[in-house]
Each structure stands twice: as structure tokens, then as C-alpha cells.
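Letter by letter, the chains look like this.
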Amino acid sequence: FFIVEPGAELLLRGQLRIGLAWQKGGIPLPGLQHTGISIRRDAVFSCGADVSLAKGAHVHVSKGAVAVIGDRTFVGYNSSVYATHKIVIGSDCAISWGVNILDSYLHKLEGDLGTSPIVIGSRVWIGHNVTILPGVRIGDGAVIGANSVVTKDVPEKTLCVGVPAKVIRKDVSWQL
């Protein structure tokens, strides 16, 4: 699905591939759903050149919110980017399947701000089934291990894993 409400902006700086069908080793990944983008009233979704959203990926930008995805970034199967305030994802990122990036808890607890921006640097690799919670900053070149829950900032070029995610290695680098 594709929803752009009145007053919303979709800014494309190049090709955006939606619903990319990809198979690992020729075996289709399970649970694929429809790909969707929804940009609500007065919201902005800015997308760099050569961005790919795999089947089942969703980008939702709430009323008045901003979501930015940098050049050559891949968002994997059944992953969600849910911006109620602001989410910025850098260039050359690899976001695996089942990842949830949410800048809000979607419900307010007494005394809680409810929403806080997320900034993900460039060349970040996020493993499958990772959840990134409000207010997190992930530095350039970081790697987040599968099934982790990121609740605090992640320094650049570090490997973080666990629930909650913790740094287990520094000075890491990765390649496709």
C-alpha cells in the first residue's frame, strides 16, 4: 500500500525500490506481507538514491513527523520504521528482516515523554529481529547483533548484542 495524505511530502533523490523480492540461497523467507508506506498529514518522508524496501517492509510517518533514509540503504523483509517524531537512517545501511525502529512507545506512561528521535549513522548493519527504541543514537559503522533490543546509544564501529544491547567489541568493520 502507498498512502500520502494532503500536506504530506515525499522527497525522492533517486530510485526507491518497493517490495523487493529477494531470496537467501534461493529459499524464500517466510511470513512475507505487503510492503507499505504511509505518510500522514504534514509529515515528511525523505529518501536517498537507490533505497530498497523489501517485501513486507513498512514505513509509517505520523502526522507532522519526519523520516529520512539515506542513499543505498536496504530495509529488509517485515521490518518497520515507525516515526511519530523523527527518525534518521544514514547511507549504506543494511537493515535485516524483522527489525522494528520506533521513536515512540505508542502509549504514554505517567511522567514519560512518549517520543524521542532516533538517529542511525551511515554504514550500520542491523541484524534480524532487532528492536530500536526511542531516543537511541547509533554511530557510524556499528553492528547490532540479531534479536537485540537497543535501549541506549551505540558508539561508532562497535558490535552490540543482547537484551538490552551492550557493547561486546570495539573497532569492528563489516562488508556485504
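Structure shown above.
This write-up is about the structure you can find in this document. Please read all numbers here as calculations on a predicted model, not as lab measurements.

Considerations on the sheet that holds strand β13 (residues 100–102)
Here is step 1 of the chain: On the basis of which strands lie adjacent, the open sheet formed by seven strands has the order β1-β4-β7-β10-β13-β16-β19 and parallel pairing. The open sheet has two edge strands, β1 (2–4) and β19 (149–150), and neither has a second partner.
Here is step 2 of the chain: As judged from the four bridges shared by strand β7 (residues 58–61) and strand β10 (residues 80–83), these two strands associate in the parallel manner. Along β10, the bridge assignment pairs His 58 with Ser 80.

Things to note about the side chain of Thr 35
Here is step 1 of the chain: On the secondary structure map, Thr 35 appears in the loop between β3 (16–20) and β4 (36–39).
Here is step 2 of the chain: For Thr 35, a relative accessible area of 11% gives the class buried.
Here is step 3 of the chain: There is a polar contact of 3.3 Å between the side chain of Thr 35 and the backbone oxygen of Ala 54.
Here is step 4 of the chain: Of the polar contacts made by the side chain of Thr 35, one reaches the backbone nitrogen of Gly 56; its length is 3.1 Å.
Here is step 5 of the chain: In contact with Thr 35, not counting residues within four places along its chain, are Phe 1, Ile 18, Gly 19, Leu 53, Ala 54, Lys 55, Gly 56 and Ala 57.

A look at the sheet that holds strand β17 (residues 137–138)
Pairing between the strands of a sheet comes from backbone hydrogen bonds, and it takes one of two forms, parallel or antiparallel.
Here is step 1 of the chain: Spatial ordering of the open sheet is given by β2-β5-β8-β11-β14-β17, a layout of six strands whose pairing is parallel. Looking at strand neighbours, the two that pair on one side only are β2 (9–12) and β17, the edges of this open sheet.
Here is step 2 of the chain: Bridge count between β2 and strand β5 (residues 44–47): four bridges; the pairing is parallel. Following the sheet pairing, Leu 11 is matched in β5 by Ser 46.

Thoughts on the environment of Phe 2
Here is step 1 of the chain: Its place among the elements puts Phe 2 in strand β1.
Here is step 2 of the chain: Note on Phe 2: relative accessible area 45%, which makes it partly exposed.
Here is step 3 of the chain: C-alpha of Phe 2 to C-alpha of Gly 36: the two residues are 34 residues apart in sequence and 5.7 Å apart in space.
Here is step 4 of the chain: When sequence neighbours within four positions are dropped, the list of residues in contact with Phe 2 reads Leu 10, Ile 18 and Ile 37.

Points about unusual backbone geometry
Here is step 1 of the chain: Cis geometry is found at the peptide bond from Val 163 to Pro 164, where omega equals -5 degrees.
Here is step 2 of the chain: Looking at where Pro 164 falls in the secondary structure, it is placed in the loop between β20 (158–161) and β21 (166–170).
Here is step 3 of the chain: Phi at Asp 50 takes a positive value of approximately 60 degrees, unusual for a residue other than glycine.
Here is step 4 of the chain: Position of Asp 50 among the secondary structure elements: in the loop between β5 and β6 (51–54).

Considerations on the pairing of β4
Here is step 1 of the chain: Of the two faces of β4, the one lined by Gly 36 and Ser 38 and the one lined by Ile 37 and Ile 39 are each fully buried.
Here is step 2 of the chain: Bridge count for β1 against β4 is three bridges, and the pairing is parallel. Residue pairing across strands places Ile 3 opposite Ser 38, the latter belonging to β4.
Here is step 3 of the chain: As paired elements, β4 and β7 share four bridges and run parallel to each other. Bridge pairing links Gly 36 to His 58 in β7.

Section: the side chain of Thr 158
Here is step 1 of the chain: Assignment of secondary structure puts Thr 158 in strand β20.
Here is step 2 of the chain: Separated by 2.7 Å, the side chain of Thr 158 and the backbone oxygen of Pro 155 make a polar contact.
Here is step 3 of the chain: If we ignore the near neighbours within four places in the chain, the residues touching Thr 158 are Ala 142, Val 143, Val 167, Arg 169, Lys 170 and Val 172.

Cut-offs and rules
- Residues numbered from 1 in each chain as written.
- Predicted model: local features only at pLDDT ≥ 70, side-chain atom pairs only at ≥ 80, totals over all residues.
- Heavy atoms only, no water.
- Pairing = 2+ DSSP bridges.
- Helix = DSSP H or I, 4+ residues; strand = E, 2+ residues; numbered from the N terminus.
- Buried < 20%, exposed > 50% of the residue type's maximum accessible area, 1.4 Å probe, protein only.
- Polar contact = N/O pair within 3.5 Å; in protein donor to acceptor, adjacent residues only side chain to side chain.
- Contact = heavy atoms within 4.5 Å.

Function cannot be inferred from these measures alone, as they are strictly geometric.
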